Amino acid sequence: MRPMTLSQQRAFSLIEILITLIITSIVFSIATPSLSSAIQSSKQTIHTNQMIGALNYARNKAITSRRMVSLCAGSTSCNNATQWEQQIIIFIDTNQDGQFNQTDTLLNTLYLDEIYSWHWSNFRNQKHMSYKPDGTTHSLNGTFTLCMQHLPTRSIVINTSGRARIAAPTNANACTT
C-alpha cells in the first residue's frame, strides 16, 4: 500500500473543525436573542388576533341571533375580575346580567397561555363585555390590554358602536392592578 500524499487528503484538520465550531457558536449566540424576540412578538400577535376574532364573533353572534352576547373571564362561570386569565367564555346572556348562568348558552371558549392575560378596563367598571342585539356595546366602551407577566404589550380599544381597533398600550400600570 502506498502512502497518501498531501494532495490526496480530503479530511479536515482538528484546527479547522474547532474554528468552524467557534464561528458557528458565535453566530448562534448573536441570533438567539433576536429569534426569541421574534417568537414573543409572534405570540403577542396571535393572542391579539384571537381576541379580535372573539370580539368580532361575539358581536356577529349578537346581531345574527338578536340576543345579548357577553364575554367574561372564567371556565364554568364568570370570575368577576378585570384581569382575564387562562380562559375567556363567550355566551348568550339570556338575562342580560353579564354572568354565565344556567339559562345562558355557551358559544365558545378562548384559551390563553400561562404568561398572558387580558386586562379589561371600561367606563362603567364592569367585569364583563356585552354586545346588544344591534351589535353595539352595552355602554361598555373600553380597552383590553394584553399583559405578558404583568407588562402591557398591546391594546384593543372598543367604542360604544362595538368596533374594535388595535392600539399601543397607553396605561403602563394596566397590568399591575
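The structure this text deals with has already been given above.
Computed from a prediction, not measured in an experiment: that's the story for all the values here.

Chemist: I keep staring at the pairing of strand 1 (residues 69-73) and nothing clicks. Help me out?
Modeler: Working note: regular strand, side chains alternate between the two faces of the sheet. Across the five residues that make up strand 1, a large majority, five, are buried. Residues Val69, Leu71 and Ala73 point to one face of strand 1 and Ser70 and Cys72 to the other, with burial holding for every one of them. Inspection of the sheet shows strand 1 paired to strand 6 (residues 129-131) by three bridges, in the antiparallel sense. Directly across from Ser70, in strand 6, lies its bridge partner Ser130.

Chemist: Would you explain the sheet that holds strand 1 in this entry?
Modeler: Spatial ordering of the open sheet is given by 4-3-1-6, a layout of four strands whose pairing is antiparallel. Both edges of this open sheet fall to strand 4 (105-111) and strand 6, since each of them pairs with a single strand only. Ignoring strand direction, the axes of neighbouring strands in this sheet form an average angle of 20°. Set on the sheet, helix 1 (residues 14-65) makes contact with strand 1, strand 3 (87-92), strand 4 and strand 6; between it and strand 4 the angle comes to about 170°.

Chemist: Please clarify how the packing of aromatic side chains should be interpreted in this entry.
Modeler: Evaluated as defined, the whole model comprises four aromatic pairs. The interplanar angle of 25° and the centroid separation of 4.3 Å between the aromatic rings of Trp120 and Phe144 together place this pair among those described as stacked. Separated by 24 residues along the polypeptide, Trp120 in strand 5 (residues 116-122) and Phe144 in strand 7 (residues 142-148) bring together distant segments of the chain. In this pair, the class of Trp120 matches that of Phe144, namely buried. Among the aromatic residues, those joined into a ring-pair cluster are Trp84, Trp118, Trp120 and Phe144.

Chemist: Is there a simple way to explain the state of the cysteines in this structure?
Modeler: Two cysteines form a disulfide when their sulfur atoms are joined by a covalent bond. Tallying each qualifying case throughout the model produces two disulfides. Paired through a disulfide, Cys72 and Cys78 show a sulfur-sulfur distance of 1.9 Å. Between Cys72 and Cys78 the sulfur-sulfur dihedral comes to about -80°; the bridge is accordingly left-handed. Across a sulfur-sulfur distance of 1.9 Å, Cys147 and Cys175 are joined as a disulfide pair. Here the disulfide of Cys147 and Cys175 is left-handed, its torsion about the S-S bond being about -85°.

Conventions used here
Residues numbered from 1 in each chain as written. Predicted model: local features only at pLDDT ≥ 70, side-chain atom pairs only at ≥ 80, totals over all residues. Heavy atoms only, no water. Buried < 20%, exposed > 50% of the residue type's maximum accessible area, 1.4 Å probe, protein only. Helix = DSSP H or I, 4+ residues; strand = E, 2+ residues; numbered from the N terminus. Pairing = 2+ DSSP bridges. Axes fitted to C-alpha atoms, helices over the stretch in contact; angles between N-to-C directions. Contact = heavy atoms within 4.5 Å. Phe/Tyr/Trp six-rings, centres within 6.5 Å; stacked < 30°, edge-to-face > 60°. Disulfide = S-S within 2.5 Å.

Coordinates in, geometry out; function isn't part of it.
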